[in-house]
Amino acid sequence: MNCGRLLHYEVKGQIIYLNFEHQKARIEVITPQIVNVFAGLMSEDHRSKAIEGDKAVPCGIRVEQREDGLWIFTPELGVRVCDDFLVDFFDKNSELVCADYRGSRTPLKRVSEEY
């Protein structure tokens, strides 16, 4: 998915609305340890099946625009949002926990048409 450059963001409570050149997205901080990342492909609304009910806990987020992306901080996590909606997660010690893949993608080659 090529979302393009991040043009604008807006913070409303614990939800960060993101406007990229070709896509809208949002990041919702549920708790200091749980962050819901969403870009609507089929719809602009979303409710995660992994998070049933209202689990939101006020946790005092901080959002900073930096040279290397938009940063969202909770007491437990750092989340970096880069152009093309690439999202990386860091623990509270700034150690990388999970990073979006930035290499080239190749189509899956099947060895059989049955699968």
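The structure we're discussing is the one just above.
Residues numbered from 1 in each chain as written. Predicted model: local features only at pLDDT ≥ 70, side-chain atom pairs only at ≥ 80, totals over all residues. Heavy atoms only, no water.

In terms of nonpolar packing, the biggest core is built from 19 residues, with Leu18, Phe20, Ile27, Ile72, Val79, Val81 and Phe85 touching the most fellow members. Those elements that place two or more of their residues in this core are strand 2 (15–20), strand 3 (24–29), strand 6 (69–73), strand 7 (77–82) and strand 8 (86–91). Contact partners of Phe20, with chain neighbours within four places excluded, come to Cys3, Gly4, Arg5, Leu6, Leu7, Ala25, Val81, Cys82, Asp83, Asp84 and Phe85. (Core = buried A, V, L, I, M, F, W, Y, C linked by side-chain atoms within 4.5 Å. Buried < 20%, exposed > 50% of the residue type's maximum accessible area, 1.4 Å probe, protein only. Helix = DSSP H or I, 4+ residues; strand = E, 2+ residues; numbered from the N terminus. Contact = heavy atoms within 4.5 Å.)

With antiparallel pairing, the five strands of this open sheet are ordered in space as 5-6-7-8-9. Each edge of the open sheet is held by one strand with a lone partner, namely strand 5 (62–66) and strand 9 (96–98). Averaged over all neighbouring strand pairs, the angle between strand axes comes to 25°, with direction disregarded. Judged from the six bridges that link them, strand 7 and strand 8 form a sheet pairing that is antiparallel. (Pairing = 2+ DSSP bridges. Axes fitted to C-alpha atoms, helices over the stretch in contact; angles between N-to-C directions.)

For a regular strand, side chains alternate in direction, first toward one face of the sheet and then toward the other. Across six bridges, strand 1 (residues 6–12) lies against strand 2 in antiparallel orientation. Note that in strand 2 the partner of Leu6 across the bridge is Phe20. In this structure, the hairpin formed by strand 1 and strand 2 is closed by a connection of two residues, where Gly13 is found at a positive phi of approximately 65°. As paired strands, strand 2 and strand 3 are joined by five bridges and run antiparallel to one another. Residue pairing in the sheet places Tyr17 in a bridge with Arg26 of strand 3. Counting the residues between successive antiparallel strands, the hairpin from strand 2 to strand 3 contains three residues.

Everything listed here is a matter of geometry and, on its own, says nothing about what the molecule does.
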